[in-house]
Structures are given as structure tokens and as C-alpha cells.
Amino acid sequence: VEERICVVKGPTTDKFIKDNAIVFAGQSSMLRKLKFDTVMSANMNGVFIALPERRSRYTSKANTHVLAKELKDTKLPENCKDLRVILVCQYEHALALVSSVARTFPLYSRKKEFVPLNVVIEVVCMDKDLSAADISLLNDLAAAIRTTARLVDTPANELTTDKYVEEAVAIGKNLGCKTTVIQGEDLLKKGFGGIYHVGKAGPTPPAFVVLSHEPTGAKDTFALVGKGIMYDCGGMHIKTSTHMLGMKRDMAGSAALLGAFVSLVKAKFTEKLHVCLCIAENNISPAANKPDDVITLLSGRTVEITNTDAEGRIVLADGVYYAKSVLKAKHIINMATLTGSQAYMTGKTHAAIMCSKEESEGKMVTAGLNSGDLVHPMIYAPDMHAIDLYSPVADMNNANWGDVQ
């Protein structure tokens, strides 16, 4: 599938192509510095989006949330197939603004007349020129964001566990990466009880996929572990109709980390890097997990199932243990649509992070402010909260129903 997006260094002379929709975006002070000659002014039919100069300390430095909203609200000409977004910005804001544009226009649709937009992002930095390496990175990042969005938007009747494995394997092959795939009954034989038991009731088998980038001279090892629940009806603890809609997106954590892996490998990341995809569909059948079941994880620890709709932590447990014990990763990042409770703590625009090291937590918050992918810390106090997962029959349970100790 073509991503239909391209990033170029501006200013260029071909921006007024017939039938192109044009959007200028940047802070007011930057937009005022633009100059147009008579011919350009006469032929221009563009929209200007002025981004705020000020921000609060927990919003993106580039005010990307404003750009995304305004772009979505912009009415493009009927039958528009080509869009050029001209970003006028400081060099340090280019990555965040390009990312914001890339995630705004969807690739997936099954509407009869739908044609994906061809998006050209022209970046005009007013304080520093973009290098060829910068443009290459921005193109790879924009394409990865579009691919991630396509995967997340695709429904589970099309993007099954098998199809997702195929996509991941194809990506690994294209990058020249080592690929490991464990599927179906082989998961149980190799000890992946978490992924296997969550996905055994699905219409297609669960899987664990690892793509590995291992450059010569690497001195450190990083692992990205993603929750890839292709659909989550809740299992035996079935979701209500209003809470089930949209659960095709329960694999978004794995898709985002797959996109991040692609971007880093193409940017010639110098350390060892692995992405681990924990893929399953949480469904109902006579074979499905039941409340009171006890399963054994890859670590050898046992889990009492107290809530079949708290399956993300179970599949991630296998993935994280594999990253630590087999891949010998020193740094492990996992990403998941883990719980709707997150929205009550950090809202719609800030992801919640939980980190074992204060220094790493601070770096993630800073990275979010710089990139536009905003995050905010949750309380990290396992020594205080571990008792809430006490089980009388297993090493732990997988969910607490509110009787907090």
C-alpha cells in the first residue's frame, strides 16, 4: 500500500499546480515574513492556519494539536486529490509539525468513491536549512505514521492475526531484518502461555513476531514490546455495546512501535533494536479463558484470571519477559491501549506513562513536548500496589475489581 505522502524542502516554485489544494501553516510571526510576487499572488487559492505563539507548559512546543484540528476542519475543494501543506516554522518544530500533518489524513476507507489524498508537505525553516538527511528522516517518519494509522483503522475482519503477521514479516524483509515468528500451538509448546491463552478463542491463531536490527559495533540493546489485540470483545467478561465499538484499535500499541522501529532502522540506528509484537484476538468460544482459570506465563509465573477483559497485561508479560531474558534488552519500552482508565487520569491528548527510572521518565516527557506525542507520568510505586494483585491460588491475579488493599 502506498503511503501517498512526500516531504520536501521549501520554498519551491511548483506549489501552484492546477487542482492542488494549498494550506499554509505556521506561527503568525512566521507567516508574516512570507513574500509573494504578483504572479504567485494572482494564482494562489490557499488557506492560512496561524498557530498560537504561546503555549502552556504541558502542550507541544509547536502547538501541533492546533494544527491537527484546523487541518481536519479545513474544507478542501470537491474531488481534491492533491494537497500541499506548506509549513513555515523553526527548525526545531519541523518534526512535530510534519508528524501532525501525516496523521491527519487517513489512508483506509471502504467508501465507494474514496480516493486517498496525495499529500506533499513543504517545510520552510526560517532559522536553519534542512539537510538531505533531515528530509530523508522526515519522509520515512511521515510514511511510517501513515502506515501505522492504516493498520489501526483497518477492521479485524480484514486485518486478522494472520494478515498482521504477514504485514510485519513483509516489513522485516523489506528492511533486511532478522524475523522470528511463533504462531498457534507452537506458542503453548514454547511456553508463551499469556499470548496463547488470550488468543486461543480467536478465529485465527495468536502469534508472537520479533523483528531484529543488529548493526555491527552495537553496544546497547533496546526492545519495543507492543500489545497487538486485533479485536477485544472482552472475552467472557464481555464489553457492552457502547464500549465494544472501536476495539479494532486495541492493536494500536504494536502498530505504533512497528512504525517507530521502521523509522529508526531507516535512520540507521546504531544500537541493537528489536520490536516484539504480541498478537491475538480476545474473543469468546468454549475454549476461551474463563474467570478463575489459572495460566502459566513465559516467565513460569502463574496468573489467576479474574477479568478476561484485562488481557493486554497478560500478552505483554510474555513479550517483556522474552525481551529481557532472550533478547537481553537493557531498555524495554512497551506500548498499549491498556485501559480506558487512562483517560480519567491524563485525558484525550496525553498518553499515560509508567517508568521505573525517573531520568527516563523525564526524557519521555521532553520527547513528547518536542514531537507532539504528548505524555504524562503515572504513579510508579509497585512496592505499594503489588498487594492489589494478590491471588490465593496463583502467583498473582490479572485484575483488581476495586477492593484496593
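Residues numbered from 1 in each chain as written. Predicted model: local features only at pLDDT ≥ 70, side-chain atom pairs only at ≥ 80, totals over all residues. Heavy atoms only, no water.

Considering the pattern of salt bridges
Moving on, step 1. Counting across every chain of the model gives 12 salt bridges.
Moving on, step 2. Put simply, Asp-73 and Lys-69 hold a salt bridge, and the shortest N to O gap is 3.1 Å. Of this pair, Asp-73 and Lys-69 both sit in helix H3 (residues 64-73), four residues apart, which is roughly one turn of that helix.
Moving on, step 3. On the basis of relative accessibility, which here comes to 53%, the residue Lys-69 falls in the exposed class.
Moving on, step 4. Here Arg-150 and Glu-167 are joined by a salt bridge, their closest N and O atoms 3.2 Å apart. Placement of the pair is Arg-150 in helix H5 (residues 132-153) and Glu-167 in helix H6 (residues 161-175), with a sequence separation of 17 residues.
Moving on, step 5. On the accessibility criterion, Glu-167 (25% relative accessible area) is partly exposed.
Moving on, step 6. Sharing partners across several salt bridges, the network here consists of Lys-227, Asp-250 and Glu-311. (Salt bridge = Lys/Arg side-chain N within 4 Å of Asp/Glu carboxyl O. Helix = DSSP H or I, 4+ residues; strand = E, 2+ residues; numbered from the N terminus. Buried < 20%, exposed > 50% of the residue type's maximum accessible area, 1.4 Å probe, protein only.)

Topic: the sheet that holds strand E10 (residues 294-296)
By definition, the strands of a sheet pair up through backbone hydrogen bonds, in either a parallel or an antiparallel sense.
Moving on, step 1. Read across the sheet, three strands follow the order E10-E11-E15 without closing on themselves; strand pairing throughout is mixed. Looking along the sheet, the strands with just one partner apiece sit at the ends: E10 and strand E15 (396-397).
Moving on, step 2. Note that E10 and strand E11 (residues 302-304) share three bridges and pair antiparallel. Paired with Thr-296 across the bridge in E11 is Thr-302. (Pairing = 2+ DSSP bridges.)

Structural notes on helix H13 (residues 358-371)
Moving on, step 1. In this model H13 runs 20 Å from its N-terminal to its C-terminal C-alpha over 14 residues, within 8% of the 20 Å that 1.5 Å per residue would give.
Moving on, step 2. Those residues of H13 not exposed but buried are Glu-361, Val-365, Gly-368, Leu-369 and Ser-371.
Moving on, step 3. Packing partners of the buried residues in H13 comprise helix H4 (94-102), strand E13 (351-353) and strand E14 (375-377). (Expected span 1.5 Å × (residues − 1). Contact = heavy atoms within 4.5 Å.)

Details of empty space enclosed by the protein
Moving on, step 1. The tally for this structure, following the rule as stated, stands at three cavities of 30 Å³ or more.
Moving on, step 2. Computed from the structure, the largest cavity encloses a volume of approximately 70 Å³.
Moving on, step 3. As for the largest cavity, its lining consists of 13 residues, and the residues nearest its centre are His-197, Val-198, Asn-282, Asn-289 and Thr-308.
Moving on, step 4. Residues that form the lining of the largest cavity fall into these classes: six nonpolar, six polar and one charged.
Moving on, step 5. Looking at the second largest cavity, its volume works out to about 40 Å³.
Moving on, step 6. Considering the residues around the second largest cavity, the lining is formed by Gly-26, Gln-27, Met-30, Leu-51, Ala-62, Val-88, Cys-89, Gln-90, His-93 and Leu-97. (1 Å grid on protein atoms, 1.4 Å probe; cavity = no way out; pocket = protein on both sides within 12 Å on 5 of 7 lines; lining within 4 Å. Points joined across faces, edges and corners; volume = space filled by probe spheres on them. Nonpolar A, V, L, I, M, F, W, Y, C, P; charged D, E, K, R; others polar.)

Description of the pairing of strand E5 (residues 118-125)
Moving on, step 1. In terms of burial, E5 is largely enclosed, as six of its eight residues are buried.
Moving on, step 2. The pairing of strand E4 (residues 82-89) with E5 spans eight bridges and is parallel. Residue Val-88 lies in a different strand from E5, and its bridge partner there is Val-124.
Moving on, step 3. For the crossover from E4 across H4 to E5, the handedness is right-handed. (Right-handed = clockwise from strand over helix to strand, strands pointing away.)

Observations regarding the environment of Thr-12
Moving on, step 1. Inspection of the secondary structure assignment puts Thr-12 in the loop between strand E1 (5-9) and strand E2 (20-27).
Moving on, step 2. Thr-12 sits 81 residues away from His-93 along the chain, and the two C-alpha atoms are 20 Å apart.
Moving on, step 3. For Thr-12, the contacting residues outside a window of four places in its chain are Arg-84 and Glu-122.

Describing the UniProt feature "domain: Cytosol aminopeptidase" (unreviewed entry) in the protein chain
Moving on, step 1. Here, UniProt's "domain: Cytosol aminopeptidase" (unreviewed entry) annotation points to residues 307-314.
Moving on, step 2. Annotated as residues 307-314, this span is 38% helix and 0% strand, and its ends, taken at the C-alpha atoms, are 11 Å apart. (UniProt positions renumbered as here; feature names shortened; annotations may be inferred.)

Some remarks on the environment of Pro-77
Moving on, step 1. Relative to the assigned elements, Pro-77 resides in the loop between H3 and E4.
Moving on, step 2. Residues Pro-77 and Ala-343 lie 266 residues apart in sequence; the distance between their C-alpha atoms is 36 Å.

A few points about the layout of surface pockets
Moving on, step 1. What the second largest pocket holds in volume is close to 590 Å³.
Moving on, step 2. Along the wall of the second largest pocket there are 22 residues; nearest its centre are Cys-80, Pro-106, Phe-114, Val-115 and Leu-117.
Moving on, step 3. Here the residues of the lining of the second largest pocket sort into 11 nonpolar, four polar and seven charged.

Topic: the packing of aromatic side chains
Centre distance and the angle of the planes are the two values used to describe a pair of aromatic rings.
Moving on, step 1. Overall, the coordinates contain five aromatic pairs when judged by the stated rule.
Moving on, step 2. Note on Phe-192 and Phe-208: the rings are 5.0 Å apart at their centroids and 35 degrees apart in plane angle, and the pair reads as tilted. Of this pair, Phe-192 sits in the loop between helix H7 (185-189) and helix H8 (193-199) while Phe-208 sits in strand E7 (residues 207-213), and the two are 16 residues apart along the sequence. For the pair Phe-192 and Phe-208, a shared accessibility class is recorded, and that class is buried.
Moving on, step 3. For Phe-208, a relative accessible area of 0% puts it in the buried group.
Moving on, step 4. Grouped by ring-pair contacts, the aromatic residues Phe-192, Phe-208 and Tyr-322 constitute a single cluster.
Moving on, step 5. The cationic tip of Lys-128 hangs over the ring face of Tyr-91; the distance from NZ or CZ to the ring centre is 4.2 Å. (Phe/Tyr/Trp six-rings, centres within 6.5 Å; stacked < 30°, edge-to-face > 60°. Lys NZ or Arg CZ within 6 Å of the ring centre and 35° of its normal.)

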